[in-house]
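If you want the building blocks of each chain, they are given just below.
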Amino acid sequence: MLAAQDACAPSDNDLLRERLFQRRRVIDLQEIAFAREAADFAASDAWEEDGSVSAVDWLRFNCHMTAGAACNAIAVGEMLEQLPESHQAVVDGEIGFAHLATMARTAEALDDRFDERVLVEKAKENSPGKFFYICHHARHAFDPKQFAAEQAEQVEQRRLKLSTWIDGSLLISGQLDPVGGAAFLTKLAPLARRSGALDYRDQEQRNADALVELCSGGGSQAQIQVTSSLETLLALAGAPAAEMEHSLPVSSKTIERLACDSSIARVLLNSESTVIDVGRSKRVVSEPGRRALAARDGSCRWPECDRPPSRSAAHHLVHWIHGGSSDLDNLILLCHRHHWMVHEGKWQIVRGEDGRMLTIPPMVHFGPPSRGPD
Ligand SMILES: [Zn+2]
Ligand SMILES: [Zn+2]
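Residues numbered from 1 in each chain as written. Chains lettered and ligands numbered in written order. Predicted model: local features only at pLDDT ≥ 70, side-chain atom pairs only at ≥ 80, totals over all residues. Heavy atoms only, no water.

**Thoughts on the coordination of the zinc ion (ligand 1)**
Bound to the zinc ion (ligand 1) are the protein donor atoms C260 (SG), H315 (ND1), H339 (NE2) and H343 (NE2), situated 2.0 to 2.3 Å from the metal. What the four donor atoms of the zinc ion (ligand 1) show is an angle range of 100 to 116° at the metal, which sorts the shape as tetrahedral. For the zinc ion (ligand 1), the single-chain donor residues occur in sequence as C-x54-H-x23-H-x3-H. Residue C260 is located in helix α14 (residues 252-260), and its partner H339 is located in helix α16 (residues 336-343); the two are separated by 79 residues in the primary sequence. Each member of the pair, C260 together with H339, is buried. (Donors = N, O, S within 2.8 Å, 3.2 Å for Na, K, Ca; no water. Tetrahedral: all angles 85-135°; square planar, octahedral: opposite > 155°, others 65-115°. Helix = DSSP H or I, 4+ residues; strand = E, 2+ residues; numbered from the N terminus. Buried < 20%, exposed > 50% of the residue type's maximum accessible area, 1.4 Å probe, protein only.)

Written out as structure tokens, the structure is:
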């Protein structure tokens, strides 16, 4: 008898679930109360008195909300009277405020063609994310012309602002319509995943690297006009920086990387400024050599990196400028990022006795050097 009672008693996990469910319901009801007041506020001139450009703007700054959350609150408040069934479903805990916000936006867009009864059943059966998609389909089904007009308007909002900072860095900001954005993400997202061992980059750094990799062809198809003296390439003291199209002068380390597989259009000058080598995408590594390298390495050789040969450069373990050959045993494939780490990032990659590649991080010095200059 005692055992049967224990079996029926709610477990700690049951209680935790119930507490979360009830707390979310209370928050959702508070959100509705907030939405009503937000709509009243938007209809007033209170936000103008404070010098805000809109009620959304006022809510963003003073209530610490995103623009999307502020727009949702106002939309729900304005449309609530027309959404009695959806409102009741939130009160009953059958749908959440996120569903209600999508419902309000859809009602706004469809006006008198909006059928709450059909959509509220869909809301009860689907997550807020899935319901958001369903409502987009519904909007298209009710009025394909209006839907197309809205998408065309989104394209009109497109912009890509590029400005060069005083240190030569390029600042980028912009907006793409959903279709353009999807095309962009389809190319960018696979390159922005973590790659290889010891990848501590955050998402924004990976996005930036992916964009550069995309534009540079991964290091194997770049067509960048570079002018450099041999002294610069050898990083000799007194040598000027190298010159590159669309950039301020660049360091000898960067030129060393770009020249490593010689896939750049380059002009090398000797110290008398005489052109000694003009290569239009001329490669130190021949095409058959590159195919053999691709077949042998299969991908970037950095531990745990799987970038394919098409996105990797032929890295000389001993650079050709220092007399290294372009034979297979002096070459390995390295993707754009790992090639950068080896040249500019001061990492080393060496072949171990068993043939595996080993990576050595740059030396980090703490405190003053242990001995002074000779
Ligand atoms: Zn290299
Ligand atoms: Zn790699």
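**Structural notes on the packing of helix α9 (residues 128-142) against helix α10 (residues 144-156)**
Following both chains from N to C, one finds α9 and α10 inclined at 120°, their axes separated by 5 Å at the closest point. When the axis of α9 is compared with that of α10, the two are oblique. Contacts between α9 and α10 involve H136, R139, H140, A141 and F142 from the first element and P144, F147 and E150 from the second. Its residues placed into classes, the contact of α9 with α10 shows four nonpolar, two polar and two charged. (Axes fitted to C-alpha atoms, helices over the stretch in contact; angles between N-to-C directions. Parallel < 35°, antiparallel > 145°, perpendicular 65-115°, else oblique. Contact = heavy atoms within 4.5 Å. Nonpolar A, V, L, I, M, F, W, Y, C, P; charged D, E, K, R; others polar.)

**Some thoughts on the packing of aromatic side chains**
In this structure the tally under the stated criterion is three aromatic pairs. Judged by centre distance (6.4 Å) and plane angle (85°), the rings of F132 and Y133 are edge-to-face. When its relative accessible area of 41% is taken as the criterion, F132 is described as partly exposed. In this structure Y133 comes out as exposed when scored by relative accessible area, which is 59%. Relative to W347, the ring of W302 has its centre 5.4 Å away and its plane inclined at 65°; by these criteria the two rings are edge-to-face. Taken as a pair, W302 in the loop between α15 (287-297) and β7 (312-316) and W347 in the loop between α16 and β9 (348-351) lie far apart in primary sequence, 45 residues in all. (Phe/Tyr/Trp six-rings, centres within 6.5 Å; stacked < 30°, edge-to-face > 60°.)

**Observations concerning the coordination of the zinc ion (ligand 2)**
Around the zinc ion (ligand 2), the protein supplies C300 (SG), C305 (SG), C335 (SG) and H338 (ND1) as donor atoms, at distances of 2.0 to 2.4 Å. Taken together, the four donor atoms surrounding the zinc ion (ligand 2) define angles of 96 to 116° at the centre, an arrangement classified as tetrahedral. Of note, the donors binding the zinc ion (ligand 2) are all from one chain and are spaced C-x4-C-x29-C-x2-H. In this pair, C300 sits in the loop between α15 and β7 while H338 sits in helix α16, placing the two residues 38 residues apart along the sequence. For the pair C300 and H338, one class covers both residues: buried.

**Focus: the pairing of strand β2 (residues 170-175)**
Pairing between strand β1 (residues 159-164) and β2: six bridges, direction antiparallel. If you follow K161 over to β2, its bridge partner there is S173. From the end of β1 to the start of β2, which pair antiparallel, there are five residues, and G168 there has a positive phi angle of about 95°. (Pairing = 2+ DSSP bridges.)

**Brief notes about α14**
With seven of nine residues buried, α14 lies mostly within the body of the structure. Residues of α14 that are buried sit in contact with β3 (226-229), α13 (230-233), β4 (243-244), β7 and α16.

**A few points about the nonpolar core**
Judged by nonpolar contacts, the single largest core of 24 residues is most densely connected at V76, L83, L100, M103, F114 and L119. Of all elements in the fold, only α2 (12-43), α5 (67-79), α6 (84-91), α7 (97-110), α8 (116-125) and α9 reach the threshold of two or more residues within this core. Counting residues per element, this core draws most heavily on α7, at seven residues. With near-sequence residues (within four places) excluded, L83 lies in contact with L100, M103, A104, A107, F114 and E116. (Core = buried A, V, L, I, M, F, W, Y, C linked by side-chain atoms within 4.5 Å.)

**Quick look at the environment of K253**
Here K253 lies in helix α14. The spacing of K253 and V342 is 89 residues in sequence and 9.8 Å in space, taken between C-alpha atoms. The contact partners of K253, leaving out residues within four places of it in the chain, are H343 and E344.

**Some remarks on the pattern of salt bridges**
Scanning the entire structure with this criterion turns up 19 salt bridges. Between D28 and R24 there is a salt bridge, with its nearest N and O atoms 3.8 Å apart. Of this pair, D28 and R24 both sit in helix α2, four residues apart, which is roughly one turn of the helix. In this structure, E81 engages R36 in a salt bridge whose closest nitrogen and oxygen atoms are separated by 4.0 Å. With E81 in the loop between α5 and α6 and R36 in helix α2, this residue pair connects regions lying 45 residues apart in the sequence. Judged by relative accessible area, which is 38%, R36 ranks as partly exposed. (Salt bridge = Lys/Arg side-chain N within 4 Å of Asp/Glu carboxyl O.)

**Observations concerning a nonpolar patch on the surface**
Taken together, L160, L162, L170 and I172 make up a surface patch of nonpolar side chains, about 410 Å² in accessible area. Only β1 and β2 provide two or more residues apiece to the nonpolar patch. (Patch = residues over 30% accessible without salt bridge, like charges linked within 9 Å, V, L, I, M, F, W, Y side chains within 5 Å. Areas by Shrake-Rupley, 256 points an atom, 1.4 Å probe, with all protein chains shown as cover.)

**With respect to helix α11 (residues 178-191)**
An ideal rise of 1.5 Å per residue puts 20 Å on 14 residues; α11 measures up with 20 Å between its terminal C-alpha atoms. Along α11, the helix axis deviates most sharply at L185, where the bend reaches about 35°. Buried within α11 are the following residues: G181, L188 and L191. Contact partners of the buried residues in α11: α12 (203-216). (Expected span 1.5 Å × (residues − 1). Bend = angle between axes of the 7 residues up to and from the residue.)

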